[in-house]
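Breakdown of the fold
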Amino acid sequence: KGFDAPTATLLYFAHLLNELGMGPNVDSCVFCGSKEHIAGFSYVDGGFVCKNDLNDSTDVCGSRKLKILRYIFRSRPENFLSVTFKKEECLEILDELANYLDGYNGIKITSLSLFK
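The sections below set out a description of the structure shown in this document. (Residues numbered from 1 in each chain as written. Predicted model: local features only at pLDDT ≥ 70, side-chain atom pairs only at ≥ 80, totals over all residues. Heavy atoms only, no water.)

Considering the overall build of the protein chain
Put simply, the rule is: Here a strand is any run of E in DSSP of at least two residues, a helix any run of H or I of at least four, and the numbering for each starts at the N terminus. Only protein chains enter the accessibility calculation, which uses a 1.4 Å probe; a residue whose area is less than 20% of its type maximum is buried, one above 50% is exposed, and one in between is partly exposed. By the convention used here, residues are in contact when the closest approach between their heavy atoms is within 4.5 Å. Where accessible areas are quoted, they stem from the Shrake-Rupley method and a 1.4 Å probe; at the residue level, only the protein chains shown are allowed to cover.
Check the secondary structure of the protein chain and you find 4 helices and 3 strands. Ordered by position from N to C terminus, the α and β elements of the protein chain give α-β-β-β-α-α-α. Buried residues in the protein chain amount to 39% of all 116 residues. Contacts in the protein chain between residues at least 24 apart in sequence constitute 47% of all its contacts with a sequence separation of at least 6. Entry remark: accessible area of the protein chain is about 6800 Å², with carbon and sulfur atoms responsible for 51%.

So this is what it looks like as structure tokens:
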């Protein structure tokens, strides 16, 4: 009660990845450490990528998506009720996280398709 299911699912998924030690770097560029001009996100490389270090594995993202990614991986469980994202945004990122988990770690979350 009192929460948005897609947002809560996204936040919980990100929290689990963090707890498993698989959370990405959402504080600075994974290559040079720059906190400025972040332009994309790479699951392969482990997080944020600045415009100078973009490569083939980088998903170039808009600022909204980058902010969502930063929020979900920096958020604490007690903050789960303080934000709501659009369902489409949540589903897009949930798909990416599920593909990351399956493709790079061999873990498949079958109940995610039920949720969708």
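Read on, since the account is not over.
Points about the pattern of salt bridges
Going by this rule: By salt bridge we mean one thing: a side-chain nitrogen of Lys or Arg within 4 Å of a carboxyl oxygen of Asp or Glu.
In total, this model carries 6 salt bridges according to the counting rule given. Here the salt bridges share partners, and the residues they tie into one network are Asp59, Lys65, Glu92 and Glu96.

What to know about the sheet that holds strand β2 (residues 47-50)
Quick note on the threshold: For two strands to be treated as a pair, DSSP must find no fewer than two bridges joining them. Axis lines are fitted through C-alpha atoms, for helices just across the contact stretch, and the angle between N-to-C directions can take any value from 0 to 180 degrees.
Ordered in space as β2-β1-β3, the 3 strands form an open sheet in which the pairing is antiparallel. Among the strands making up the open sheet, the edge pair consists of β2 and β3 (59-60). Pairing between strand β1 (residues 38-42) and β2: 4 bridges, direction antiparallel. Counterpart to phenylalanine 41 in the pairing with β2 is phenylalanine 48. With respect to the sheet, helix α2 (residues 63-74) is in contact with β1, β2 and β3, its orientation differing from that of β1 by roughly 55 degrees.

On their own, these measurements won't tell you what the molecule is for.
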